[in-house]
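Structural description and commentary
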Amino acid sequence: MAAYTPPLDDMAFVLHDVLAVHDSPLPGYADLDRAFTAAILDEAGRIARDVLAPLNATGDRQGCRLENGTVRTPEGFRRAFELLRAGGWTSIDCDPAYGGQGLPYVLHAAVGEMHSAANMAFAMYSGLTHGAYTAIHAHGSDAQKAAYLPKLVTCEWTGTMNLTEPHAGTDLGLLRTRAEPQSDGTHRITGQKIFISAGDHDLAENIVHLVLARTPQAPAGVKGISLFIVPKYLPNPDGTLGERNALSVGKLEEKMGIHGNATCVMNYDGATGWLLGPENAGLKAMFTMMNEARAQVGMQGLAQAAGAYQLAAAYARERLQGRAIPPADPASPADPIIAHPDIRRLLLDQKAFVEGARAFALWSATLIDAHMRAGDEAADGLVSLLTPVVKGFLTDKGFEATVQAQQVFGGHGYIEETGISQFVRDARIAMIYEGANGIQALDLVGRKLGQDGGKPIMAFFDLVKSFIRENESDDRLKAPFLDPLKAASKDLQSAAMFFMQNMKTPNAALAGSSDFLHLFGHTCLGFMWARMAKAALAADTDFSRAKLATGRYYMARQLPATALHLARIQSGADPVMSLPADAF
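Structural notes, computed from the coordinates. Along each chain, residues carry numbers from 1 onward, in the same order as the chain's sequence is written. For this predicted model, a pLDDT threshold of at least 70 governs which residues receive local features, and a threshold of 80 or more governs which side-chain atom pairs are given and counted, while totals over whole chains, interfaces and linings are taken from all residues. The basis for the side-chain values is all heavy atoms of the structure; hydrogens and waters are excluded.

Quick look at the overall build of the protein
Condition: Strands here are runs of E lasting at least two residues and helices are runs of H or I lasting at least four, both read from the DSSP assignment and numbered beginning at the N terminus. The reference for a compact globule is 2.2 Å times residues^0.38; the radius of gyration itself is calculated from the C-alpha atoms. Type-normalised accessible area, obtained with a 1.4 Å probe on protein chains alone, sets the label of each residue: buried when under 20%, exposed when over 50%, and partly exposed for intermediate values. To be clear on the numbers: accessible area is Shrake-Rupley with a 1.4 Å probe, and residue cover counts the displayed protein chains and nothing else. Under the convention used here, Asp and Glu are negative, Lys and Arg are positive, and both His and the chain ends fall outside the count. Each charge is placed at NZ for Lys, CZ for Arg, CG for Asp and CD for Glu.
When helices and strands are tallied, the protein shows 18 helices and eleven strands. For the protein, the C-alpha radius of gyration of 24 Å lies close to 25 Å, the compact-globule estimate for 584 residues. If you line up the protein on its principal axes, its C-alpha atoms span 80 × 60 × 60 Å. Classification of the 584 residues of the protein by burial places 57% in the buried group. Carbon and sulfur atoms make up 54% of the accessible area of the protein, which amounts to about 23,900 Å² in all. With 52 positive and 62 negative side-chain charges, the protein shows a spacing of 3 Å between the two charge centroids.

Encoded structure:
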């Protein structure tokens, strides 16, 4: 099995040649010259390749164990986690006031892709902690920030989010976990949460759970949800750990993938918790964490596709089967399967997705930086619009890419020793958690499309139109890149117009929402490929020639899917809703 190779050249190309981060006026970006980003990404890639990737199969094979109320992680995980902490990799973009390095989020995103591609289950422990850090940083009191953030930044303590209950998944208005106020200002938290990633483990000395619950007089539905900080061990005033809180792991879930991450049933039996943010405003505070998590999950979809593609490409170069036309090597009894057009198709589908998705994810990360570092409200609007696309499209297509990679292996792809099936199994969860992708599509159509009077979607269209207009005189770009992008953008506009014209028939929009998410995702990747093509044309190297060939493939073979998605959307609700429920 081939080792993981960090995509350093491609990341450098996207950051510097496409996004031109060093020339950006955003605070902190002036430091992002090629030497600086290379130093960080080279070392992050080395850790991914040499430390995390070798533990990926170990985590998958051993899984986690619940022993005497404590979860034990797979062999090697704890040592690797200590290495990450010691190197400051958990604090890249965190606030220096609490021990963070204060670097741009875009670097955190790039490092996150490599670590997740090497070992998704392992990377989730620090990833969830980063989300808890963000929620407390945004909504916590000064005392809460001082107590928790320095420990979360270093991952001495880790974090989780606790939303789902056995009867309440997407519909959080149904949750029943109770929060009884106490005379000392704390609350007693009682209830059960399920599917809690990293709910318990032996990697950190404390675990800070962010738990959604209802106070006694809370209104019904989502308007009556509050968010609480509920640590595994109660911190003393001096920051040391006190007594064990009244919470426990009910069981570990047996899962299809991410075996190295502990997915727990958490029981709260009158546990002490502290209100985070205002009472009955918990969903807003939790969504601070969830929106970040959705961007990270989109990156997981890309990362698993990238790792799987590397294995598939290496296998296709080595595996001898059949004869190409004409034979690639007449002296050999068979040709490498990469010589066959259908294997090339599978590999190019993966390569074109991975490289386009990487550019899309990193561009989105710069928009997050624009809002967080410069208060750019237009960028924030674009982030809000694009978050369901990043999460939904990159995980749907990322999983599809892992299956295509497995197909390259043929029968050997179904055998565990090749390692490819783990990428398929691990990638599958990304389509489900942090809001299943159908919910992402509904959010995109039902909320984000008309958000702020439609300003974000119009801003996106303006970005695409401006790029086409500025570059349409370049014949090298026009036919292979700009014309397909223009067609895709028109399909996206037509789909948006269809929804606006059918607002009085909601099912028409709801039935087409997943197609709209994919139409939007393809258009975003088409936009990224056009931008990458422009950058690649500035050089004449093997890298740039490969980039252009891959981009032309995407524009010719993948981007036309927007027309199919538009046709499905315009068919309305009848094909979806006409069959009676009892006929299924």
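There is more to say, and it comes next.
Things to note about helix H10 (residues 420-428)
Most of H10 sits out of view: eight of its nine residues are buried. Looking at H10, one finds that the buried residues are Ile-420, Ser-421, Gln-422, Phe-423, Val-424, Arg-425, Asp-426 and Ala-427.

A few points about the side chain of Thr-90
Note the threshold: Pairs of N or O atoms within 3.5 Å make up the polar contacts considered here, provided that, within protein, one atom can donate a hydrogen while the other can accept it, and that residues adjacent in sequence are counted only when both atoms are side-chain atoms. Every residue pair with non-hydrogen atoms within 4.5 Å of one another is taken to be in contact.
Following the sequence through the fold, Thr-90 ends up in the loop between helix H3 (77-86) and helix H4 (105-118). A distance of 2.8 Å separates a polar side-chain atom of Thr-90 from the backbone oxygen of Val-153. Thr-90 has contacts with Leu-84, Arg-85, Ser-126, Val-153, Thr-154 and Cys-155, leaving out every residue within four places of it along the chain.

Concerning helix H7 (residues 282-318)
To keep it simple, the criterion reads: Given the number of residues in a helix, its expected span is that number minus one, multiplied by 1.5 Å. Fitting axes to the seven residues ending at a residue and to the seven starting there, one defines the bend at that residue as the angle between these axes.
Over its 37 residues, H7 runs 54 Å from end to end, which matches the ideal 54 Å to within 8%, given 1.5 Å per residue. The largest bend in H7 is about 30°, located at Thr-288. Buried residues dominate H7, accounting for 31 of its 37 residues.

Side note on the pattern of salt bridges
For clarity, the cut-off: What makes a salt bridge here is a side-chain nitrogen of Lys or Arg within 4 Å of a carboxyl oxygen of Asp or Glu, nothing more.
What the rule picks out here adds up to 29 salt bridges. For Glu-67, the salt bridge goes to Arg-72, with nearest N and O atoms at 3.8 Å. The class for Glu-67 is partly exposed, based on a relative accessible area of 33%. Put simply, Asp-10, Glu-113, Lys-351, Glu-355, Arg-358 and Lys-547 are held in one network by salt bridges that share partners.

Concerning the pairing of strand S3 (residues 157-162)
The buried fraction of S3 is high, at six of six residues. Alternating positions in S3 separate into two faces, Trp-157, Gly-159 and Met-161 on one and Thr-158, Thr-160 and Asn-162 on the other, with burial throughout.

Some remarks on a nonpolar patch on the surface
Condition: Candidate patch residues must exceed 30% relative accessible area and have no salt bridge, after which like charges are joined if within 9 Å and Val, Leu, Ile, Met, Phe, Trp or Tyr side chains if within 5 Å.
A surface patch of nonpolar side chains, amounting to about 220 Å² of accessible area, comprises Ile-439, Leu-442 and Leu-510. Inspection of the secondary structure assignment puts Ile-439 in helix H11 (residues 437-448). Taking the relative accessible area as the measure of exposure, Ile-439 reaches 31% and is therefore partly exposed.

Side note on the nonpolar core
So the rule is basically this: Among buried residues, those of type Ala, Val, Leu, Ile, Met, Phe, Trp, Tyr and Cys that are joined through side-chain atoms within 4.5 Å constitute a nonpolar core.
Membership of the largest hydrophobic core comes to 159 residues, with the highest contact counts inside it found for Leu-210, Phe-360, Phe-460, Phe-516 and Phe-520. With 14 residues, the single largest contributor to this core is helix H15 (residues 513-536). In this structure Phe-460 touches Trp-363, Leu-382, Leu-385, Leu-492, Phe-520, Thr-523, Cys-524 and Phe-527, once residues within four positions along its chain are discounted. By size, the runner-up hydrophobic cluster in this structure holds 16 residues, among which are Leu-311, Ala-312, Ile-337 and Ala-405.

A look at the packing of aromatic side chains
As a reminder of what qualifies: A pair of aromatic rings is counted whenever rings of Phe, Tyr or Trp (Trp by its six-membered ring) have centres within 6.5 Å, and the orientation is called stacked for planes under 30 degrees apart, edge-to-face for over 60 and tilted otherwise.
Inspection of every chain in the model, using the stated rule, returns 14 aromatic pairs. Ring geometry for Phe-77 and Phe-122: centres 5.3 Å apart, planes at 80°, overall edge-to-face. With Phe-77 in helix H3 and Phe-122 in helix H5 (residues 120-139), this pair connects stretches of sequence that are 45 residues apart. Since its relative accessible area comes to 0%, Phe-77 is described here as buried. On the basis of relative accessible area, Phe-122 is assigned to the buried category, the value being 1%. Each residue in the set Phe-360, Trp-363, Phe-460, Phe-461, Phe-467, Phe-498, Phe-499, Phe-516, Phe-520 and Phe-527 is aromatic and connected to the rest through ring pairs, giving one cluster.

What to know about the environment of Lys-145
Here Lys-145 shows up in helix H6 (residues 142-154). A relative accessible area of 16% places Lys-145 in the buried class. When the C-alpha atoms of Lys-145 and Tyr-98 are compared, they prove to be 8.3 Å apart, with 47 residues separating the residues in sequence. Sequence-distant contacts of Lys-145, that is, excluding residues within four places in its chain, are made with Tyr-98, Ile-136, His-137, Gly-140 and Pro-150.

A word on the packing of helix H1 (residues 8-18) against helix H2 (residues 34-62)
Formally: Axes here mean lines fitted to C-alpha atoms, for a helix over just the part in contact, with angles spanning 0 to 180 degrees between N-to-C directions. Working rule for handedness: look at the near helix, and if it is turned counterclockwise from the far one by less than a right angle, call the crossing left-handed; if clockwise, right-handed. Note on residue classes: Ala, Val, Leu, Ile, Met, Phe, Trp, Tyr, Cys and Pro are nonpolar, Asp, Glu, Lys and Arg are charged, and everything else, Gly too, is polar.
As a packed pair, H1 and H2 sit with axes 11 Å apart at the nearest point and diverge in direction by 145°. Taken as a pair, H1 and H2 cross one another with a handedness that is right-handed. Of the residues in H2, those in contact with Leu-8, Met-11, Ala-12, Leu-15, His-16 and Asp-17 of H1 are Arg-34, Thr-37, Leu-41 and Asp-42. Looking at the contact of H1 with H2 residue by residue, the class counts come to five nonpolar, two polar and three charged.

Re unusual backbone geometry
Note that the residue after Ile-325, namely Pro-326, is joined by a cis bond; omega there is -5°. Within the secondary structure, Pro-326 is located in the loop between H7 and helix H8 (341-374). Phi is positive for Asn-68, which is not a glycine, with a value near 55°. Note on placement: Asn-68 falls in the loop between strand S1 (65-67) and strand S2 (70-72). Phi at Glu-434 takes a positive value of approximately 60°, unusual for a residue other than glycine.

Some thoughts on the pairing of strand S11 (residues 263-275)
The side chains of a regular strand alternate, first on one face of the sheet and then on the other. Put simply, the rule reads: Between any two strands, at least two bridges found by DSSP are needed for them to pair.
Note that strand S5 (residues 187-197) and S11 share nine bridges and pair antiparallel. Residue pairing across strands places Ile-189 opposite Ala-271, the latter belonging to S11. Here strand S7 (residues 226-231) runs beside S11; their pairing, made up of two bridges, is antiparallel. Residue pairing in the sheet places Ile-229 in a bridge with Trp-274 of S11. With five bridges joining them, strand S10 (residues 247-252) and S11 adopt antiparallel strand pairing. Bridge pairing in S11 places Leu-252 opposite Cys-264.

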